[in-house]
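The chain contents come next:
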Amino acid sequence: MSDTGVDAPLMHPILRNDYAAKWLGIEVLKVADGHATISMELRQEMLNGFGIAHGGMIFALADTAFAMSCNPHTGSADTITVAVGVDINFLKPGIPGRTLTAVANRRQQSGRSGIYDIQVLQSVPDADDEVLAEFRGRSRTIPKRS
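Residues numbered from 1 in each chain as written. Predicted model: local features only at pLDDT ≥ 70, side-chain atom pairs only at ≥ 80, totals over all residues. Heavy atoms only, no water.

Peer 1: What's the story with the side chain of S139 in this structure? I'm lost.
Peer 2: Assignment of secondary structure puts S139 in strand β6 (residues 127-143). Overall, S139 belongs to the buried group, its relative accessible area being 3%. The contact partners of S139, leaving out residues within four places of it in the chain, are F66, C70, T81, V82, V84, R112, S113, G114 and Y116. (Helix = DSSP H or I, 4+ residues; strand = E, 2+ residues; numbered from the N terminus. Buried < 20%, exposed > 50% of the residue type's maximum accessible area, 1.4 Å probe, protein only. Contact = heavy atoms within 4.5 Å.)

So, in structure tokens, the structure goes:
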């Protein structure tokens, strides 16, 4: 149960039909206007040929936090906010079995355009979490299609 009193998988409307997020095992830790914190455990099927996190898995976690932070957690009947561009910098390898946490925050909003920073952290046994990747997303709010 989340701090909003709603079961985590249904905590944000965009997750209801997000089968990728379900497969990733994403857990919602916090969501608010312009912010989202989510996590997942790095499983064996998420590894690349070197035995470390596939970059696409890290990207998918960050991208999900981005989507949750730029779309209202109460939902919208008229609009959706989508990515128009992103950049990601991988700083350390993701280690199997560790928990990855993505923390997304809105940095700037101007009209229908926004800029969001997402930091992906990795748990470290008996130490503070370390920064695994930095992701910057640029968003645009558009009319919802019927």
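On we go from here.
Peer 1: What's the story with the packing of aromatic side chains in this structure? I'm lost.
Peer 2: Following the criterion strictly, the structure yields three aromatic pairs and no others. Clustering of aromatic rings is evident, with ring pairs tying together F59, F66, Y116 and F135. Lying across the ring of W23, R43 places its NZ or CZ 4.9 Å from the centre. (Phe/Tyr/Trp six-rings, centres within 6.5 Å; stacked < 30°, edge-to-face > 60°. Lys NZ or Arg CZ within 6 Å of the ring centre and 35° of its normal.)

Peer 1: Help me out: how do you make sense of the nonpolar core in this one?
Peer 2: Side chains of a nonpolar character, in soluble globular proteins, are inclined to be buried together. Judged by nonpolar contacts, the single largest core of 30 residues is most densely connected at I38, M40, L61, I118 and V120. Of all the secondary structure elements, the ones that give two or more residues to this core are α1 (19-24), β1 (27-32), β2 (35-41), α2 (55-70), β4 (99-110), β5 (113-124) and β6. When residues of this core are assigned to their parent elements, the largest contribution, eight residues, is made by α2. Apart from residues lying up to four places away in sequence, L61 is in contact with I26, I38, S39, M40, L100, T101, A102 and V120. (Core = buried A, V, L, I, M, F, W, Y, C linked by side-chain atoms within 4.5 Å.)

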